[in-house]
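Structure assessment
Given next are the chains, with one letter for each unit.
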Amino acid sequence: MSRIVVLLGPQGPHPDIAEVLAEHGIKGRVALVRAGYQERETDDAAMIASLGVPAVNLQLHRRGVDVFRDDPTFTAGYQARQQRLRHMQSFYRVRLDKIEDAARTVSVRYVDPQLLEQEDKVSVDQFRHLDADHIERCDALRTAFEEQWKVAERPLIAKYRAEVKQLMEDSDALVISGGHIASLVNRLALFDVFGVATDKPIFAWSAGAMVLTERIVLFHDFPPYGSDIAQVLDEGFGLAPGIVVLPDPRRKLNLEARIGIQRFARRMAPLTCVAMDHGDRIVFTRGEITRADATRLDKSGDIEPNWSGAPVRYSTASMKWARGEHP
Amino acid sequence: MIGKAIKELEASARSREAVDAWFAARTFPIVDGNFITFVWRGEAEAVHLKHWVFGLPSSQSLARVDKTDVWHLTLQLPAASRVEYKLEIVRNGHGEWSQDPLNPNRARDPFGGNSVAHGTGYEIPTWIQPDPGAAKGHRDEIWIDSKTFGRRGFGLYVPSRFQRNRQYPLLVVHDGHDYLRYAALGSVLDNMIDRLELADAIVVFTSSPDRLREYADDERHAKFLVEELVPYIERLFPLDAQPQGRCLMGASFGAVATLSTAQRYPGFFGRLLLQSGSFAFTDIGDRNHRGPLFDPVVAFMNRFRADPKPVSERVFVSCGMYESLIYENRSLVPLLLSTGMDVRYVEARDGHNWENWRDRLREGLSWLMPGPFLHVYE
């Protein structure tokens, strides 16, 4: 993997993407993915202006709409898969709550503190098992879908993949904006964007950054219904390995909740949890972090505001887990 | 109990000028920490505070500050409380109820309106105010020729981003027109949908000409909703016609109608919002102290309590701590939980009124029918 992948925080009203593209020597046309904006995908004038270079919008959302309109048999199968994934997400979410409840109940027992510490590890392991199982089941469903429907051979999808490939070949880089994470993942996969982007540099922010990691985690510490628990949505495309990206921490993360941070960081280990605010940046070169300026969530419950990308030490058990050697 | 401000008035010269200055320096009622002082000024034989806080005497006398025309009453008011009240002014042996002329905070309801006292820390939610930046849904009134009830009108809300090629969840609101008038439901829907907190939804506002009868476990009502109204809306709009895509809600007797409909058609509405439900029951005998209107409710609740079933998937229950129904609602929650349904229960320091129900809408609706806010990272 020789490509450069640059993850950014939310762009907000003062985007820094132009500066970042310039720093990496991108002067020519870039391919832009705005599928996360769904129906607003083509309202792209302001965003393209903010890039400082010419851009072509790959219009993955619109292409998806075309496919779903013109290929009703495939659409029915696709919608059934999505429905099943939604149900699975909902059941997984219910189980997370129950583990959380059990963890709290156990944690307030008046027993030997050492035993409570062991029990806390059990609780974290239960989260990890559930997360891993959820990812595995989602992956199995997607794989079965691909095999059943031979997505690449559907005529309109094949045509659009070829068009996207051509647009990518004529572009100097791929830029992926934020937006609706599920829409973004699905459209990027449907049109195999990373398969055709070969080793082009990739610049992405917010949801765009999340999809490039190994694991996509939905989170919000201040939901309108009071409280919620972070949930794994799915695997990402793995082009920015080793981290979990948490964009927009000012609005969505309670960085003062030490116990919550501690448990979340342990739950995700050996992946490093990184909060990315506006102006933050993580650069991957050949799959390794070569530069970072973001906030790391530590297993101690502390945060490291100026994390430079230095590797974090993990136990042998965590590393085994990362290699898929969990029971 | 005499409030600090009243003690200051008593310590003053009590001249007209001194009293005028005392009034000019304050807003009313006077909230000081966990205490509230109601004040009225004028000539009367007696002044009473009338309120509906369960557990306190519903009528309490204001005392007169000697040598003035100032009347006062200080009570405990826990933080974040919201209390609706009126003042009764007695002249010539005749009492007249009125809103508190010194208090600009008013709440409207189908019976008129009340003055509202806000305890320390209570804030009117910002998300109920019309937001000029939020896209407005389209509202309409349409009619259905019902085999059950004849011709019936109902309100309709279509979200601003509506597109024919998408599927939408459906929210059916008992007493929907009152929710629009007294609980700001129109603004709440616009704001929550615009902020991605609530799914883009088709909303139906029903109103019954005979709600106390039709909502009290009347099988005709459930049949009308499930077999006529919802299918009719499903023919008009592209709806996600599954339990997860259907939410039924109501307050007071409307909450009874909601639970009763779910009980008669288990699994049809996958989401229920029950606000201050009139869930009267008995542990022995079949007559509740609330009177004959509640008889069918008591019979229904006693049956439900004897054999609770999972009639929906997700149920949000809210009730005010100052309502007489708090006991019934608190009693219901463990029963709902025992069925395996996903249940959230929220209490507020408020009474049986529309603004209490308004203030809980965001929490309830966003949990039952969440918008994409958890999926959007821009």
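Residues numbered from 1 in each chain as written. Chains lettered and ligands numbered in written order. Predicted model: local features only at pLDDT ≥ 70, side-chain atom pairs only at ≥ 80, totals over all residues. Heavy atoms only, no water.

1. Considering unusual backbone geometry
This is how the line gets drawn: Labels follow the DSSP assignment, with helices taken as runs of H or I lasting at least four residues and strands as runs of E lasting at least two, numbered in each case from the N terminus. Exposure is judged per residue with a 1.4 Å probe applied to protein chains only, and the accessible area is read against the type maximum: over 50% gives exposed, under 20% gives buried, and values in between give partly exposed.
Cis rather than trans, the peptide bond between Ala269(A) and Pro270(A) has omega equal to 5 degrees. Of note, Pro270(A) is situated in the loop between α11 (258-268) and β10 (272-276). For the bond running from Phe28(B) to Pro29(B), omega is -5 degrees, close enough to zero to count as cis. Tracing the backbone through its elements, the reader meets Pro29(B) in the loop between α2 (16-24) and β1 (30-32). With phi around 70 degrees, Ala80(B) is a residue other than glycine that occupies positive phi space. With respect to the helices and strands, the residue Ala80(B) is situated in the loop between β6 (70-76) and β7 (82-91). With relative accessibility at 40%, the residue Ala80(B) sits in the partly exposed group.

2. Quick word on the packing of aromatic side chains
Residue and element names in this part refer to chain B. Stated formally: Each Phe, Tyr or Trp ring, with Trp reduced to its six-membered ring, pairs with another whose centre is within 6.5 Å; inter-plane angles below 30 degrees give stacked pairs, above 60 give edge-to-face pairs, and intermediate values give tilted ones.
Inspection of the entire model under this criterion finds 26 aromatic pairs over all chains. Residues phenylalanine 149 and phenylalanine 224 carry aromatic rings whose centres are separated by 5.4 Å and whose planes lie at 65 degrees to one another, so their mutual orientation is edge-to-face. Here the residue phenylalanine 149 occupies a position in the loop between β11 (138-146) and β12 (150-158), and phenylalanine 224 occupies one in helix α6 (residues 219-236), the gap between them amounting to 75 residues. Here phenylalanine 149 matches phenylalanine 224 in class, with each residue buried.

3. Structural notes on the interface of chain A and chain B
Our working rule: Between two residues, a contact is recorded if the distance between any of their heavy atoms is within 4.5 Å. Summed over both partners, the accessible area lost on bringing two parts together, with a 1.4 Å probe, is the buried area. Counted as salt bridges are all cases of a side-chain nitrogen of Lys or Arg within 4 Å of a carboxyl oxygen of Asp or Glu. Nitrogen and oxygen atoms within 3.5 Å of one another constitute a polar contact, given that in protein one can donate a hydrogen and the other can accept it, and given that sequence-neighbouring residues count only through two side-chain atoms.
With 33 residues of chain A at the interface, the matching set in chain B holds 20 residues. Buried surface at the junction of chain A and chain B, summed over both partners, amounts to about 2,000 Å²; 52% is from carbon and sulfur atoms. When residues of chain A are sorted by the area they lose upon contact with chain B, Glu39(A), Pro224(A) and Tyr225(A) head the list and together hold 33% of the total. For the interface between chain A and chain B, the tally reads 2 salt bridges. Note that Arg166(B) is salt-bridged to Glu39(A), the shortest N-O span being 2.8 Å. In this structure, the connection of chain A to chain B is made through 10 residue pairs in polar contact (both at pLDDT 80 or more). Among the elements of the structure, α4 (72-107), β5 (179-180), α7 (181-190), α9 (207-212), β7 (215-218) and β8 (231-235) of chain A are those that each provide at least two residues to the side of chain A that touches chain B.

4. Let's talk about the side chain of Arg263(A)
Following the sequence through the fold, Arg263(A) ends up in helix α11. Arg263(A) has contacts with Glu100(A), Ala103(A), Asp120(A), Val124(A) and Phe127(A), leaving out every residue within four places of it along the chain.

5. Some words on the sheet that holds β6(B)
Hydrogen bonds along the backbone pair up the strands of a sheet, which may run parallel or antiparallel. Residues and elements named next belong to chain B. Spelled out, the test is: At least two bridges found by DSSP between two strands is the condition for calling them paired. As a rule, the C-alpha atoms of each element are fitted with a line to give its axis, helices using only the stretch in contact, and angles between N-to-C directions run from 0 to 180 degrees.
A sheet is described by the order of its strands in space; here 4 strands give the open sequence β1-β2-β6-β5, paired in antiparallel fashion. Since the sheet does not close on itself, it has two edges, and those belong to β1 and β5 (63-64), each with one partner. Helix-sheet contacts for α2 involve β1, β2 (35-41) and β6, and the interaxial angle to β2 is about 135 degrees.

6. Observations concerning the domain arrangement of chain B
Residues and elements named next belong to chain B. Our working definition: Domains are outlined according to an automatic or database domain assignment. Gly counts as polar in this scheme, as do all residues outside two lists: the nonpolar Ala, Val, Leu, Ile, Met, Phe, Trp, Tyr, Cys and Pro, and the charged Asp, Glu, Lys and Arg.
Taken domain by domain, chain B holds domain 1 (4-118) and domain 2 (126-374). Look at where the C-alpha atoms of domain 1 and domain 2 centre, and you get two points 36 Å apart. Between domain 1 and domain 2, the contact holds 16 residues from the first and 14 residues from the second. For arginine 82, the salt bridge is made with aspartate 350, and the minimal N-O distance between the two is 2.8 Å. Summed over the shared surface of domain 1 and domain 2, the number is 7 residue pairs in polar contact (both at pLDDT 80 or more). For the side of domain 1 that touches domain 2, the secondary structure elements donating two or more residues are β7 and β9 (106-109). Among the elements that take part in the side of domain 1 that touches domain 2, β9 stands out by supplying 4 residues, more than any other. The class makeup of the residues in the side of domain 1 that touches domain 2 is 10 nonpolar, 1 polar and 5 charged.

7. What about the nonpolar core?
Here is the rule: We call a set of buried Ala, Val, Leu, Ile, Met, Phe, Trp, Tyr and Cys residues a nonpolar core when their side-chain atoms join them within 4.5 Å.
Within the largest apolar cluster, 110 residues are counted, with the highest numbers of intra-cluster contacts made by Leu7(A), Leu174(A), Ile181(A), Leu212(A), Ile282(A), Tyr179(B) and Leu185(B). If near-sequence neighbours (up to four positions away) are discounted, Ile282(A) is found in contact with Val5(A), Val6(A), Leu7(A), Ile243(A), Val274(A), Met276(A), Ile289(A), Arg291(A), Ala292(A), Ala294(A) and Trp307(A). Grouped together as the second largest cluster of nonpolar side chains are 49 residues, Tyr168(B), Val204(B), Phe279(B) and Ala280(B) included.

8. Details of the sheet that holds strand β15 (residues 246-251) of chain B
Residue and element names in this part refer to chain B. Read across the sheet, 8 strands follow the order β11-β12-β14-β13-β15-β16-β17-β18 without closing on themselves; strand pairing throughout is mixed. Both outer strands of the open sheet, β11 and β18 (342-348), are each paired with one neighbouring strand and no more. Strand-to-strand twist across the sheet, computed as the mean angle between neighbouring axes with direction ignored, equals 20 degrees. Of the pairings in the sheet, the one linking strand β13 (residues 170-173) to β15 comprises 4 bridges and is parallel in character. Of the residues in β15, the one forming a bridge with leucine 170 is arginine 246. Where helix α7 (residues 253-264) meets the sheet, its contacts fall on β15 and β16 (271-275), and the angle it forms with β15 comes to roughly 145 degrees. Those strands touched by helix α9 (residues 326-338) are β16, β17 (314-320) and β18, and its axis lies near 160 degrees from that of β18.

9. Considering a negative patch on the surface
All names here are of chain A. Where we set the bar: Nonpolar side chains (Val, Leu, Ile, Met, Phe, Trp, Tyr) are joined into patches within 5 Å and like charges within 9 Å, using only residues with over 30% relative accessible area and no salt bridge. Calculation of accessible area relied on Shrake-Rupley with a 1.4 Å probe; when residues are assessed, cover is drawn exclusively from the protein chains displayed. The charged-residue count follows a simple rule in which Lys and Arg add positive charge and Asp and Glu add negative charge, with His and chain termini not counted at all. Lysine's charge is taken at NZ, arginine's at CZ, aspartate's at CG and glutamate's at CD.
Taken together, the side chains of Asp133, Glu136, Asp139, Glu214 and Glu235 make up a negatively charged region of the molecular surface. In terms of residue count, helix α5 (residues 113-149) provides more of the negative patch than any other element does, 3 residues in total. Examined against the element boundaries, aspartate 139 turns out to sit in helix α5. Exposure remark for aspartate 139: the relative accessible area of 35% places this residue in the partly exposed category.

10. Some words on the environment of Gly301(A)
All names here are of chain A. Mapping glycine 301 onto the fold places it in the loop between β12 (288-297) and β13 (303-307). On the basis of relative accessible area, glycine 301 is assigned to the buried category, the value being 3%. Remark: the alpha-carbon pair of glycine 301 and arginine 258, spanning 43 residues in sequence, is separated by 4.3 Å. Ignoring any residue separated from it by four or fewer positions in sequence, one finds glycine 301 in contact with Arg258, Ile261 and Gln262.

11. Topic: the pattern of salt bridges
The final tally for this structure, using the stated rule, is 53 salt bridges over all chains. Arg291(A) is the partner of Glu23(A) in a salt bridge, and the nearest nitrogen-oxygen pair spans 3.3 Å. Of this pair, Glu23(A) sits in helix α1 (residues 17-23) while Arg291(A) sits in strand β12, and the two are 268 residues apart along the sequence. Under the relative-accessibility criterion, Arg291(A) is labelled partly exposed at 41%. Between Glu163(A) and Arg63(A) there is a salt bridge; the shortest N-O distance is 2.6 Å. One end of the pair, Glu163(A), is in helix α6 (residues 155-169); the other, Arg63(A), is in helix α3 (residues 60-70), and 100 residues separate them in sequence. Since its relative accessible area comes to 4%, Arg63(A) is described here as buried. Overlapping salt bridges, with partners in common, bring together Arg82(B), Glu84(B), Asp350(B), Glu355(B), Arg358(B) and Asp359(B) in one network.

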